[in-house]
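If you want the building blocks of each chain, they are given just below.
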Amino acid sequence: MRIRAFLLSASLTTTGLLALPATPALAAPAKHTADFNGDGYADLAVGVPSGTVNGKAKAGYVSVVFGGEGGPGRNGVRRITQATVEVPGTPEAGDRFGGAVTTAYVDDDGYADLVIGAPGEDIDAKTDAGSVTVLYGTGDGFALANTAARGEKASDAYGMSLAAADFTGDTDVDLAIGAKDKVVANFNPYAARTKPVMTYPMGGRAPVMTTGDFNSDGRPEVAVAYYTQNQPHTQSHVQLYRYSKDEDRFGLTWSSDNSAANALATGDFNGDGLDDLALGNCREIADENIDDPCGPEERAKGGGIHIHYGGGDEPIWQGQTLNQDTPGVPGVAETGDDFGNALAVADIDGDGKDDLIAGAPGEAIGSAARAGSVTVLKGGAKGILDASGAARAVAYQQNSPGIRGIAEQGDAFGAALATADHNGDGRPDLSVAAPGENASAGGVWDLPSVTAGGSVVTPNSLGLPASSDPLAYGAVLRR
C-alpha cells in the first residue's frame, strides 16, 4: 500500500534537489497506514530484533515513535515487547520479536494496527518455529493483541518477512508471512490459521515481499524474491502469486527466472495508472544468461535496480535498469555499494508519478567504508529514466549539508527506508536507518518532505535501556 500526497508540481533546481513549493495546494489528507493513535500523524515503527529484554539477549522489541508537529522524536515513544501487557507470549532469548514489522487496518476502526514477526519464537517443543502478532491501535496508542500465525515445525521461522493487503477481494486485510523456504497466508488475522502460498528452496531464508495489482484486476498480488546458491538448487526468482477464489488458493501468475533482488517496491513511476515493480540490488545468481533478467550485466555493478513496468495483464519483461554509473545518478558504481539494497516509494512532489528512493548501505564516503548513502530518483513520463536513459536524482549521506551526524565507517546509512507523513504537512517524509551508527547502537533519520534536515532518533535520545550488545536500532523499519 502506498500513501500519496497530492501537491503542486515541483521543479528541479540546478543542483538537482527536488524543489517543493512553499505553499502547496493540498487535497484532503489520506488515511495514514501507520497512524496508531488516530491523531492524523503517521507514526514510526522500528523493529529491534537484537534488543535485550528483561535480560534476555535478542528477545527483541519494537520501538513506536509517535509522529506530530516537528516529526518523530518529540511526541512520545512506546517500547513494545512480549512483556507488554497486551502482547501474547514471554520474552525469551533469541525470539527476535520485531524481526519484521508492517502495518494495516485489520479491524478497520480508524486506527492503524501493528503486525510483528518473531521468527525465533519457540512454540511448545518446536525451536524457532516463529510467530506473528497483531497489536491493535487505539486513541491511547494500542489496545488488545492476538497471535496471527504460529510455525508448524521447528525452524519454520514464521515472521521473517511480512506483507499485508486484501488478496481475496472481500475488503478484509490478509497477511502474507515469509518463513524459511516458504510463504504462508492468513485470511483472518484474528486467528492463527494459515494456508500455503508457495514453498521452494531459498537457502534457509525467507523471501523479500511486496504487494501490488500487477495484472490490473482490482486485487493485489504478492510479489516474492528469493534465491539459493546451494547445489543442486542454484537458482533465483522474482515471482507473483495471485489468490484464486474458485480454487481457494494462491497460484503462480508471473516469474522472472534467474533474477535475484534484495528489495522489492511497488509504485506508478510513469503515471499511467498501472503498478510497476522495482527490484533492488538485482543480479543473476546462476549466471545462465537467461534474457538478462536484471537488464544489462554492466548495470549490476555495485547493485542495480531493474524496473518492470505495468502492462495491464502482467508486468512488462523489458523495463529499465540503472545503477550509479547511469547518467544523472550521483556517485560511481563500485563493488560492495549495495545500491538498491533497500527501496521506498513516494510521490514526493505530487505530480502523479511516484518517485523511487534507493539505499546504498555499502557506499564508501571518502575513506569511510560502508558509511552508506540514499538516492532519490524522480519519476517521469517514461518512468525513472527519461527517453535518453538518464535519471533525475539527488543523493544524501551523513556528510551532506543539513544531514545530521558524520559519515563514519560501518554506519550503513540507508540500510532500511520507509515513507510516511510524520509531521502532518501533507507531504511524505523519509525515514532512513543507519543501524551501524555509534558502534551499532543505530539510529533513524527523519528527512521531512524527503529533503535534508529533520531529526534523528537513537536509543539514547529515546531513553531506551542500555544493552551489553549493540542494539542495531533501525535494522528493521515497518513496510
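What you are looking at is a predicted structure, and each value in this text was computed from that prediction instead of being measured.

Participant: I'm lost on the overall build of the protein in this one. Help?
Facilitator: Along the protein, the regular secondary structure elements total 1 helix and 30 strands. For 479 residues, the compact-globule estimate of 2.2 N^0.38 gives 23 Å, and the protein sits close to it at 21 Å. Going through the 479 residues of the protein one by one, you find that 58% of them count as buried. Residue pairs at least 24 apart in sequence account for 55% of intrachain contacts in the protein once pairs closer than 6 positions are excluded. Here the protein displays about 17,800 Å² of accessible surface, and carbon together with sulfur accounts for 48% of that area. For the protein, the distance from the average site of its 33 positive side-chain charges to the average site of its 62 negative ones is 3 Å.

Participant: Explain the state of the cysteines to me, please; I cannot follow it from the model alone.
Facilitator: Under the counting rule described, the total for this entry stands at 1 disulfide. Two residues, C282 and C294, share a disulfide whose sulfurs are 1.9 Å apart. With the S-S bond torsion at -65°, the cross-link from C282 to C294 turns out left-handed. Note that C282 is positioned in strand β19 (residues 276–282) and C294 in the loop between β19 and β20 (304–308), a separation of 12 residues in sequence. There is no split in this pair, since C282 and C294 are both buried.

Participant: What is the right way to look at the sheet that holds strand β17 (residues 249–257) in this model?
Facilitator: Sheet strands associate in pairs through backbone hydrogen bonding, adopting either a parallel or an antiparallel arrangement. The sheet built from 4 strands is open, its strands ordered β14-β15-β16-β17 with antiparallel pairing. For this open sheet the edge positions go to β14 (208–212) and β17, each flanked by a neighbour on one side alone. Here the strands of the sheet are splayed against their neighbours by 25° on average, with no regard to which way each runs. Direction of pairing for β14 relative to strand β15 (residues 221–230): antiparallel, over a ladder of 5 bridges. If you follow M209 over to β15, its bridge partner there is V224.

Participant: What exactly am I supposed to notice about the confidence of the model for the protein here?
Facilitator: In the predicted model, the protein carries a mean pLDDT of 89, and 91% of its residues have values of at least 70. The low-confidence segment residues 1–31, where pLDDT is below 50, has 71 contacts with residues more than four positions distant or belonging to other chains.

Participant: Sorry, what's going on with the packing of aromatic side chains here?
Facilitator: The description of an aromatic ring pair rests on the distance of the ring centres and on the angle between the ring planes. Here the structure, examined in full by the defined rule, presents 8 aromatic pairs. Measuring from ring centre to ring centre gives 5.1 Å for F36 and F142, while their planes differ by 40°; the resulting arrangement is tilted. Of this pair, F36 sits in the loop between β2 (18–19) and β3 (44–48) while F142 sits in the loop between β8 (131–135) and β9 (145–150), and the two are 106 residues apart along the sequence. Taking the relative accessible area as the measure of exposure, F36 reaches 0% and is therefore buried.

Participant: Looking at this structure, I do not really get the pairing of strand β26 (residues 416–420). What am I missing?
Facilitator: Residues in a regular strand project their side chains so that they alternate between the two faces of the sheet. The buried fraction of β26 is high, at 5 of 5 residues. Here β26 shows two buried faces, one formed by A416, A418 and A420 and the other by L417 and T419. Pairing of β26 with strand β27 (residues 429–433), which is carried by 5 bridges, proceeds in the antiparallel orientation. By the bridge assignment for β27, L417 is matched with V432.

Participant: Before we go on, may I ask you to explain unusual backbone geometry in this structure?
Facilitator: Across residues other than glycine, the phi torsion is negative in most instances, and most of the peptide bonds are trans. Located in the positive-phi region is D128, a residue other than glycine, with phi close to 55°. Judged by its relative accessible area of 27%, D128 is partly exposed.

Participant: Sorry if this is basic, but what is going on with the environment of N262 here?
Facilitator: In this structure, N262 sits in the loop between β17 and β18 (263–267). Owing to a relative accessible area of 27%, N262 belongs among the partly exposed residues under this scheme. For the pair N262 and A371, spaced 109 residues apart in sequence, the C-alpha separation works out to 19 Å. Dropping the residues within four chain positions of it, N262 is found in contact with V208, Y227, G280, N281, R283 and N341. A polar atom in the side chain of N262 sits 2.8 Å from the side chain of N341.

Participant: Teacher, can you tell me more about the environment of D166 here?
Facilitator: Of note, D166 is situated in the loop between β10 (161–165) and β11 (174–179). Sequence spacing of D166 and A371 is 205 residues, and the spatial spacing of their C-alpha atoms is 38 Å. With residues near it in sequence (within four places) discarded, D166 still touches T171, D172, D174 and P220. Among the polar contacts listed, one links the side chain of D166 to the backbone nitrogen of T168, at a separation of 3.5 Å. Side-chain polar atoms of D166 contact the backbone nitrogen of T171, separated by 2.8 Å.

Participant: Even after reading the chapter, I still don't get the sheet that holds strand β22 (residues 342–346), so can you show me in this structure?
Facilitator: The 4 strands lie next to each other as β22-β23-β24-β25, forming an open sheet whose pairing is antiparallel. Bordering the open sheet on either side are β22 and β25 (393–396), each of which pairs with just one other strand. Between one strand axis and the next, the sheet turns by 20° as a mean value, whatever way the strands run. Where strand β23 (residues 355–360) and strand β24 (residues 373–377) come together, 5 bridges link them in antiparallel fashion. For A360, the partnering residue across the bridge sits in β24 and is S373.

Participant: Is there a simple way to think about the nonpolar core in this case?
Facilitator: Soluble globular proteins: nonpolar side chains tend toward being buried together. Grouped together as the largest cluster of nonpolar side chains are 20 residues, with contacts concentrated most on I305, I307, L322, L356 and L377. Of all the secondary structure elements, the ones that give two or more residues to this core are β18, β20, β22 and β23. With 3 residues, the top contributor of residues to this core is β23. Those residues within four positions of L322 in sequence are excluded, and the remaining contacts are R299, G303, G304, I305, I307, V329, F339, L377, I384 and L385.

Criteria and thresholds
- Residues numbered from 1 in each chain as written.
- Predicted model: local features only at pLDDT ≥ 70, side-chain atom pairs only at ≥ 80, totals over all residues.
- Heavy atoms only, no water.
- Helix = DSSP H or I, 4+ residues; strand = E, 2+ residues; numbered from the N terminus.
- Rg over C-alpha atoms; globule rule 2.2 N^0.38 Å.
- Buried < 20%, exposed > 50% of the residue type's maximum accessible area, 1.4 Å probe, protein only.
- Contact = heavy atoms within 4.5 Å.
- Areas by Shrake-Rupley, 256 points an atom, 1.4 Å probe, with all protein chains shown as cover.
- Lys, Arg positive; Asp, Glu negative; His and termini not counted.
- Charge placed at Lys NZ, Arg CZ, Asp CG, Glu CD.
- Disulfide = S-S within 2.5 Å.
- Pairing = 2+ DSSP bridges.
- Axes fitted to C-alpha atoms, helices over the stretch in contact; angles between N-to-C directions.
- pLDDT = per-residue confidence, 0-100.
- Phe/Tyr/Trp six-rings, centres within 6.5 Å; stacked < 30°, edge-to-face > 60°.
- Polar contact = N/O pair within 3.5 Å; in protein donor to acceptor, adjacent residues only side chain to side chain.
- Core = buried A, V, L, I, M, F, W, Y, C linked by side-chain atoms within 4.5 Å.

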